[in-house]
Amino acid sequence: MAYLHKEPIDSSATMLKNLFVRDREKGQYLICELLDLMMEPKHQAFIERREDLAGWVKALFTTEKSFEEFCGKVSVYDKSPYCGCVWTKDFVAYRCKTCATSPCMSVCAACFEKGNHEGHEYNIFRSEAGGACDCGDASVMKESGFCSRHGVNRVVPDDLPASLLTLPKLIMERILIMLLHSLRYLVKNSILESSFPSKIPDPLCESLDIFIEAIKCGSPVRSWVADLLLSEDYYHKLTANQHFGGVVTPDMKAYHEECLNWLPEAVKRLPMCYIPDEIQDKERFSRSKFVYKNLLQELMFWVCRFEFPEHLILFILNMLPDARIKREFARYFVQHYIFVAPSLSGALHVDDYSNRIVHISVQLFSNSELAYLLAKEEALLEMFMISINFMVTKKLIDSKTGESDFHQTVSVQGDGLRNNAYWAIVSDLVNCLSHNEVARLFLNNDDSLKIWMRILTCFSGMNLTTRQTDRHIEYDPQNILLAFYSEREACASPLWVVLDVLRDASNLDLSMKVIEMCKETIIELLDALGADDPKGTGIPFHRVSFHYPIHRYFALFVANAIGRQGLRISDLDINQNLARRLLGHPMQVLCTAHEIQCNMWVRNGLNMSTQQLAYRQSFFCTFFIDADLFMLQLLSCYMSPDIFVSSVFDRCRVTNCLTVEPETPPIQQSSHGAEGQPEPDRLHRMFESAFTLLLSVLSIQTQLGISDKTIIENELVAVLSTQNWTHSGLMEHIPQCHDMHAGEKSKRFTEPLTKAIDELSVTVEGDAMTQTEYSLRDEAWRRYDPIFTTHRALYKKNVQQAHTNYFKYLQRCHKLPSSILESSVWTPYCSIRIVDERYSQLNNLLNCRTLHTAIFMVIYKYLHKHTAVTEQTLCMAITILEGALFASPRENDDGLEVETEKPSSSPNQKTSDRDAEWQKMLTMWFKTNNMTTNIRQVIDQVQITWQETFHDAMETDEQLNNQPEVDPEEPERCIVIQESIITMLIKLHTRFSGVKNSFVFPAEFVPDLDPPNPIPPTPVKVIEKILLFAASKSPHNQKVIVDICGTAAVSSPSVSDDKTRYESERERRKQAALDMQQRLLKEFASKQKKFLEQVEMDLDLPADPEAEVEMETNVVDDNRYDCVICGASEDSTINIVGSTDAERTNSAKSQIMGMVALVQSSSLLGFRTESDELRPLRPVDSNIKPTETCRKFNREHHENLKMKFPQEIGSFTLGTNIDWEWAPQVSTCGHHLHVSCYHDYMKWVKRDETGYLRFEEGLGFQCPFCRQTSNLVVPCNVQQERPVPPESLRKLLKPHVPDRTLSMEDQDFQKSLWEIDNLIVSNVPIRTIRMPESQVNQESSSEVEGSPIDPVRMIDVNVLSVDEILKACQDSTEAILAENRIVLDKDATMQLTSRGVFQGQLEYELCTFGGTLLLEKKPPQLSVVQRKIPIGPLFHVLAKTIRVTGDKPNNEYTKKIWNQLTGSLLKVKETSDCPLLMKDPIALLIELCVSIYPFTIDEYQTVVRVLYNLSLVQALVQISCKFSPEERRAWKSNVSASLGGIPFDADKLDCLLGQVIACLPKSLFNDDVAEKLMPPSTQCYTSTVWTSQSVQSSLEEVLLQFMRISSLLQFHIFENMSTKSQFRCAPAGENELVYLAKYLGMLDSASSTPMDSSCTFFAKWPNSPKYVINSWCKEVETVVSSDRHTSLQLMNRHKIWKQPAIVDLPEDYTNLFTKFRDITCPRCKFKPREPCVCLMCGQFVCYKGMCQHPRDLYNDKDKTRIRITPQGAAVHARHCGNGTVILLHIHNTTVIVVRGSRSCVWGTLYLDHHGEEDRGWKRGRRLVIKPQRLKLINYQWLNHIFDNACRGWTRHRNQM
């Protein structure tokens, strides 16, 4: 066979296939022999060629031309009704909730797009573990959601020709046999378990991939493979050495015999789970059961042995669409499930292993019929219990709760919990229990339930913590939350799906069965923990665990049975002693949570605080705190209410607070190990927590039978009361959303939640980057329940914020007087009302004398200002008091006979048993359980002992006389009280109101037995409500209240008059201080509002269209600049001090100020187009032509100029600026500093080690004041004075002789022309520092010979001259010139690019105005980051840079240009030059301004007027080229005497246009050439007649660009050197051209423009217009005669460019995803994992793709070469945006901004219908574009503020 390897694979394969066709037997033998040699593991001779195995298999697979052609032909005959498309991790798929009948349903993108899902609720998700398409499977989705290719209604194709599979069957059968041989070979020599390999060889995996691709062809191949896998006869012959796939080779036979014994040995050594004692039939799960009868069974074993390898999993998953394979494989899968847990618990990569298990199990267990069959016949449920029990009990530790504790619990540090190894098994269990029939089997299976109860017991008591009281722990334990996640996933998740089955009374017996088992298990657990005290006191307070799942199972099963199955509380066999035992752990956990909030566990570090937060967190709370609270509510129904209430105070360690003593006595050490009472500073908080817990038990009714709708509404109000939330935030904070697993529970809560959000909340729209949030409606605040909000809140600050929001609501709705402060409003606790009669026993807690005594003490202590009682505690006590009044019966006029309970012992506490609990003594205070009666009962005095913490009340003298004698040895004392609850409430009313005798009983009193809560809930109104309610309940109460109100004011007998006055004064001062604080806050808010309004006024321009904008033409001097570092101020010009050159130089350096700026590369201007339409997206295979842009047009224009004219300076280079649309952009934050201060600042920044200043080499620095990114300091106080020319040049100057015959305006114009002529002639090196006039004459003679002091050359900063600006932009100058192939000397290059950079800044400035200077079209400010372009300072730098170039500046070309513009007869040197009509007026404006620098505003406006003439003529030439011959003849007749023309008038458009047409060479108007050159949009003469109005409109469009640039340049040079102001745009309704003409001095601002004036009205001709126009047109004649085609293109140079904008994006993100998800990169030829699209040009970008050839980078430091491979995004950033690019990531919807060597995530442009981001499609909702964000990113791009507006910049290092 070696000769086959000498030829290419394709040639050798073709030869073998031809042989197979001619001689099948021989060809079959050779093919099998070749495959045996390459695939058999023992053949080492061909090991070096084994990497070619996949190529050989693919080449030999079919007789067709290619394997792909074979797959395409076979797939046409696919008859399977199922799709079966299998995917792996990170695959993007769809899930339609409307069509799904199972929560695991998913379909591939192809089936979803071809199905009908319009209007459905679907989401797109990225698969985490892999999956398969369910299209066509009616067991998991509705048939209406099937695509046209799958399901029962598909079109069934014909049968496949048998000849097509002859050779593929041979190859596939050989691959299967070799697969078994290879798998067995891997276990041949392995003796130890650890030496067993866990990976299949790569060559075999590649062959298996080809096998899988063939299976994907459909049912023809899949059915044949299924027959092979399930055939017992085939497998028997194979194992009996009787069959070898049709061909027997000698090597294959010998090797096959050797492999036969390797499988049994591997089965023996595979570890399996041990069988628990609860399983009765253990033989069913023994190892001897595993006898293999077909290939599929053996493959299942190897799947388990090799830890579910991905290739075998994909092979089996692609076979599952075959019903036979799915059924049989499911049986084998369950049988081998006993091997999964041991290998899973010891796996190295548990997450990957678990994902692979779930990848295949979810396809089997999602089918309800198949899952039920497996549970019934294959003991699936027992297998789950065995596996989970194995993983949980693998490593148990002692609980150590008490001394007699022998309980063992799960170790949090164990491998099983730490690695989440149990997740895959629990997930399979939950998936199966989601089917109702399977869940019923589980509940009826005693063996499974017993194991499950034991598992729950093992989880009980996890992570036990002992309270630290003496010192802080050294280290916080790790994996704090691991126990919470474990309990929720392993215990709570199965519970929710099981409870979904128990929905009615028909299954009550199942619930009772589980409840009884839970109760018995809890008792066993308590015995194991040593908590065998029947009173429940055996649980120590200082050792706490938050994990008791068995208790919570009991609570939630009972709640479900009572609420949905008709169970009554009396049906449960629970007595008081059992109830007290069951109460221990839930009470312990709830009270510990309050202790942690009171910082009693602070020495335990973050361990306990984190657990307390998790205990309340929405993800856990339904199974944790809600279940524990219901346990308390349930058990209180079986206990004496006095015992329950006293247990709460006892466990909260506040029993000593229930005394009337002035000082709180210390609590004694109790028998259950409590360390005493809390510290004094925490005592009041724990006392408040005790009442919070009582109020929670009485008022929270989540599990007390209320409807699902009410539950959702309560949760929603509680969440939104604290703050506004996005929709996903609401979902995360509503607990029921985390428990909606499948089916019924999901439907129960989804619809009510949607309705509740619509009814109770409103959307709040913020700025562009703010997501839509939901806020609570004003009407919904009526449902606000503070105690439920406290129950759900994680922090106290959340509760306080809810109260603040409630206070704002009252103010907003005008329900609160403005004088009332927030601190004066009580928490609006809801009235206690037990809604469900099934839990009416909870009212017994309200009719409890112990609770009544506690309420009395709270009011009494607050009245006497005891530190243990806060105002919040008082508020809660009064709320409970109101509930007790409501729960008590109403008395009639004769009084209500109340059955009283006789005390169990003497009221004398001294004589009571010390072990008898103190709570029994509290029952002696009142003689009834009726609050209606007790509220008016007067407590006379209290007898107490010093040694005891308890006390008792003496109500009457008779009781006092009947008391037993007191031991005289034990000191006693009595405290006189003489108060009732009513009297104390009236005193409280007086205190809070601040008015004596404030409460007045109404004269016309109408009883109200259910009064509403007062609004606002101030203390006065709340107390009034209680008093009136008490009067409504009993006429005796009414009489008592009336009697008290009719007497003098009641005062506390224990408080003296002096103390009363002192307290009153203190309260008055406190109130005065609060009032002052409120006034100060209001004053500050008012000032802040005024400041913000002023800032907005400064930023926004005046909107009044009638406001007169004053035109300032004088130079505005920015007097001083302030240094932001040292604070010193400097003048706008430098004054030199010193006698020597060194002194004057140092003086100049110390005064130089710089402006902090940022220079950045840009290509923004090049993206402008002529059309208003947005550029479209351009996929790789798209036929969309690229849009013509400004950059492309300018490049072609420059290329034509370069071809036609010489390249030396003075030719076309003087009249045009090359690649100004590619110029870097310079912006400033507006702050100044001394250059010397800058150097000191940079030294300090480089030494900063904190990283706060974020200095990186090459990325610049932060502004010292505003911290904005900067990399440039521009000198700003080195303004130029007019130079004094030397004597030699003064002789050449012409004297000015005014022409008195002209008007004054014309005389001034001629004088300005004369001054400019002389400035050009006397162009000398400049002096940049203002000197005293006395020094000017002295030094003027030495100016030419000496070297002047130049501050620009003094300053040694980052970038100060324009050529260095270009260097800062990564040598863009050389790149520009090289791209245009322009060769110039160094000075010419610098001058040319300098002018281009400056023109670019003017164009950038115009872009920030929206491309126009009209106020109504100016774009709004969309970002807080505002930067300005320092055009004024940059112009001075530009002028100095060009003027100091060379020793003798050459001004011959400048003089020639000026003479051409003015029509002067001055003789100049003749050179071949570009015609003036082909030059750029803006470039000429910059050149002339630099040449005559410095200049006055009059001189500048003169230059502008002269260049305006040129622009006007150029526009007329361009328009005339669009005329038809008849139109040109008509316009020409206006100035032609032979055609009857009118007298020439330069102010008339007709005359000027006619003159231009007459002077232009006739050869230019070749209509054939014009038609070819002019674009269709400009060929107006074919369909449009040009009128005066259309010509005038076209002229204005062309001339406006020059006028806008000229106006901005004048504004910045003369008015805005400090960049503090902004150009005042033309008001709305005013003509922009006229407005700018007035601003530039072309038109008197005071005069009105004639109605019939045109653009020619603003022209001012230096000489005869006819002469000037004729001379300009004559220059064109020579160029046109040589090349008419190029000349016409050069004459048509004025384009109306529109604003650059982001590409046109589809509104629905699904369309964008569909277009680009499967696209192939045209450069690297691969489908990128992270495709992107450029939002600037619309091209597809291969993000992080190898899309460029590698290059070598030379390292100067190490003298080495580094291999650099640029990536797709980095390369595109340089080519498209000159280093800047905006990319939209297709798969995660985010926008990525690349700036040079850095990149950051900007955000996302697409939001879901809730106005919320969904990055990465984690929620998978339909996304639509948000226009505000699109405008914002476009605004940031246009204004170049990405560096300062975005955060999170990182260096990408070309790795994108």
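Everything discussed here concerns the structure shown above.
The paragraphs below set out a description of the structure included in this document. (Residues numbered from 1 in each chain as written. Predicted model: local features only at pLDDT ≥ 70, side-chain atom pairs only at ≥ 80, totals over all residues. Heavy atoms only, no water.)

Let us now look at the packing of aromatic side chains. What the rule picks out here adds up to 62 aromatic pairs. Residues F856 and F926 carry aromatic rings whose centres are separated by 6.3 Å and whose planes lie at 70 degrees to one another, so their mutual orientation is edge-to-face. Taken together, the residues span a long stretch of sequence, with F856 in helix α38 (residues 849-863) and F926 in the loop between α40 (919-922) and α41 (931-934) at a distance of 70 residues. When sorted by exposure, F856 lands in the same class as F926, which is buried. Where F1001 meets F1005, the ring centres are 5.0 Å apart and the plane angle is 50 degrees; that geometry is what we call tilted. Residue F1005 is classed as buried on the basis of its relative accessible area, which comes to 18%. Among the aromatic residues, those joined into a ring-pair cluster are F484, Y485, W496, F546, Y553, F557, Y615, F619, F620, F623 and F624. For R651, the ring lying beneath its charged end belongs to F541, and the centroid distance is 4.2 Å. (Phe/Tyr/Trp six-rings, centres within 6.5 Å; stacked < 30°, edge-to-face > 60°. Helix = DSSP H or I, 4+ residues; strand = E, 2+ residues; numbered from the N terminus. Buried < 20%, exposed > 50% of the residue type's maximum accessible area, 1.4 Å probe, protein only. Lys NZ or Arg CZ within 6 Å of the ring centre and 35° of its normal.)

Strand order across the open sheet formed by 3 strands is β17-β16-β20, with antiparallel pairing between neighbours. A single partner strand is all that each edge strand has here, and the edge strands are β17 (1225-1234) and β20 (1272-1275). Strand-to-strand twist across the sheet, computed as the mean angle between neighbouring axes with direction ignored, equals 35 degrees. As paired strands, strand β16 (residues 1153-1160) and β20 are joined by 4 bridges and run antiparallel to one another. Bridge pairing in β20 places G1154 opposite P1275. Each of β16, β17 and β20 is contacted by helix α49 (residues 1235-1247), which is oriented at about 100 degrees to β17, the strand it contacts most. (Pairing = 2+ DSSP bridges. Axes fitted to C-alpha atoms, helices over the stretch in contact; angles between N-to-C directions. Contact = heavy atoms within 4.5 Å.)

As a further point, take the nonpolar core. Counting 303 residues, the largest nonpolar core has F308 and F315 as the members making the most contacts within it. With 12 residues, the top contributor of residues to this core is helix α23 (residues 482-501). When near neighbours in sequence (up to four residues on either side) are disregarded, F308 contacts M300, V303, I313, F333, V340, Y353, R356, I357 and I360. Core analysis: the second largest hydrophobic core is formed by 188 residues, F1205, F1523, F1611 and C1732 among them. (Core = buried A, V, L, I, M, F, W, Y, C linked by side-chain atoms within 4.5 Å.)

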